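# Residue-level structural notes
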Amino acid sequence: MPRTTLPSRDYAAFMRAAAPFRKVKVGEWNLQVIAPFDFSAAFDHKYMRQVGLGELRNGGQLALGAQTFYGESYCRDLVALLHARLARDERYLIRLAEEVNSRITEFKAEYGRLLRQVTPETTPAELAAIVHELQERLRLLLATFAYFGEPTLETVVKQRLDEWIASNLSMDAELLTKLPEVLAPESTTELQEDQLAALEIAAKLGELLSQGVPASEALASQEIAGGIDAHATKYAWLGTYCYAGHDYPREHFTESIAAEAETARRKLELRKSEAARRAALRRRIIAESARPEETELLVRAIQDLAHARMARIEAVNEYSSRFNALVKPAFCKFTSCPPESFNSLTLAEMSAVLEGTAKLDETTLEERAKCFAAFYWEGTGFVLGGEDARKAARKLAGEESHSSNAITGVKTNGGKARGPARVILGGETPKEFTAGDILVTTMTEPNLVVFMKKAAAIVTDQGGLLCHAAIVSRELGKPCVTGTRIATKAIKNGDLIEVDADNGKITILERAAN
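As the structure is a prediction and not an experimental result, all values here were calculated from the model. (Residues numbered from 1 in each chain as written. Predicted model: local features only at pLDDT ≥ 70, side-chain atom pairs only at ≥ 80, totals over all residues. Heavy atoms only, no water.)

### Remarks on the packing of helix α10 (residues 190-210) against helix α13 (residues 250-259)
For the pair α10 and α13, the least separation of the axes is 8 Å and the interaxial angle reads 60°. Taken as a pair, α10 and α13 cross one another with a handedness that is right-handed. Contacts from D194, A198, I201, A202 and L205 of α10 reach α13 at F253, I257 and A258. In terms of residue class, the contact of α10 with α13 is made up of seven nonpolar, no polar and one charged. (Axes fitted to C-alpha atoms, helices over the stretch in contact; angles between N-to-C directions. Helix = DSSP H or I, 4+ residues; strand = E, 2+ residues; numbered from the N terminus. Left-handed = near helix turned anticlockwise from the far one by under 90°. Contact = heavy atoms within 4.5 Å. Nonpolar A, V, L, I, M, F, W, Y, C, P; charged D, E, K, R; others polar.)

### Here's the deal with the nonpolar core
Within the largest apolar cluster, 125 residues are counted, with the highest numbers of intra-cluster contacts made by L53, Y74, L305, Y319, F323 and F331. Sort the elements by how many residues they give to this core and helix α15 (residues 292-335) lands first, with 19 residues. Those residues in contact with L53 that lie beyond four places of it in its chain are M48, Y74, L78, L81, R85, A146 and Y147. (Core = buried A, V, L, I, M, F, W, Y, C linked by side-chain atoms within 4.5 Å. Buried < 20%, exposed > 50% of the residue type's maximum accessible area, 1.4 Å probe, protein only.)

### Describing the side chain of K478
Locating K478 in the fold gives a position in the loop between α20 (468-476) and β12 (480-482). Here K478 is buried and forms no salt bridge, its nearest opposite-charge partner E260 lying at an N-O distance of 10 Å. Here the side chain of K478 touches K453 through a polar contact of 2.8 Å, landing on its backbone oxygen. In terms of polar contacts, K478 uses its side chain to reach the backbone carbonyl oxygen of A455, at 2.7 Å. Among residues more than four places away in sequence, those in contact with K478 are N413, G414, M452, K453, K454, A455, A456, I458 and S473. (Lys, Arg positive; Asp, Glu negative; His and termini not counted. Salt bridge = Lys/Arg side-chain N within 4 Å of Asp/Glu carboxyl O. Polar contact = N/O pair within 3.5 Å; in protein donor to acceptor, adjacent residues only side chain to side chain.)

### Observations concerning the sheet that holds β12
Ordered by their spatial adjacency, eight strands build an open sheet running β7-β14-β13-β9-β10-β11-β12-β8, and the pairing between neighbours is mixed. Taken across any chain shown, the strands that pair with only one partner, and hence form the sheet edges, are β7 (406-408) and β8 (410-413). Put simply, the sheet's adjacent strands are angled 30° from each other on average, direction ignored. Both strand β11 (residues 457-460) and β12 contribute to a ladder of two bridges, which runs parallel. Residue pairing for β12: I458 is matched across the bridge by C480. (Pairing = 2+ DSSP bridges.)

Structure, rendered in structure tokens:
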């Protein structure tokens, strides 16, 4: 196995390399480690070439905690490349989604095969080889994320939609405004399958309760308890987000299923009727458009890409859960690494430590766990932790003022709502969230779905028409505005805000007293 080159920790070199990213427009970011270096390193030309982006000149990738940024020249060239491919093949976006889904399937099979090799008898050398191969498989999948970075594929999709709207202005105006509703994927993601399966169990629980069976007895029955056990085993990983967080315990599913018991049957029926309504609306929009065949291709492409975007994140999260369960205890046993520091290591560093070519630096890991920044460009990587990472983030983001009471973003699901803002930064789990609050966050994650269900509306710093928040908001029928860039900076907890998702606008009506 070749000797692993570890990323540099030089602050000055980091700032020189990341200089083109100055004044990046970001919201309030979570600077704690999330899948640290490999997200950036996946943009090495070696991996980009394998996912069909070899002709692009990579300007590097910057990661500030949970948020990633791409060079302007790279984004511009990728948008041009995607338009050129679409000009040659009108089904290109659909084929791209199929390619991403194929890589997801391959990744799941490969990481499953590799992790099954981790046993109590595995030696340090064998674990190093497994981690090294996992790194290669993971980075190849992560390279496909390049297509979904902002502002690349989102830009192309938005331009296509704008062109479609311009050529269909003669369509009924009310029908035209309902276009976002028909863009939700028809095929379900694992998160949606989890929600549907949980409602099925909750509906059965509700039937027992309606028959007068005590709640404790109903929950302990073979049908319900067995259903919850199987469900918790299958979907526990949803509590993990890119190495961060923890698998959900059985109690999490028991509580959520019990809370839905009375309304589950009605919600299942509503889901079916909503799916039928959206399907009928989709057929009508296609039929009444100026060019039905082109409209059908565009709608399907957006649906397939949105599903692929969700599926790739879910694949990484499920992998992260199993990686933490199997590799972490083995690595910590061999190296005396504190379990709380494990996810502050890159995969390359893990391999090197296991091979004996590098040593653990607990101070560095502690610093990274507090704050994290990374940059990668063509074979050269930089990882900063602690105050250096925080200082780099402040300098790169600039000292912008976000005092305006008017914020704009991408209208991803229509509707209006007014209520108190609840700001949740990446990786946080709020202690309080009241039905009717408006969720304001950097980007939604699977562990935020429980709050998305309660929210009157959803607002994010990042994302666009294809992101997690857009897909889930359409599923839940919640007003949603994504890609504001500054919402978590401009809006504070308790501010009374109004979300006009029909026009992509958020207005701060009244500032919270504190």
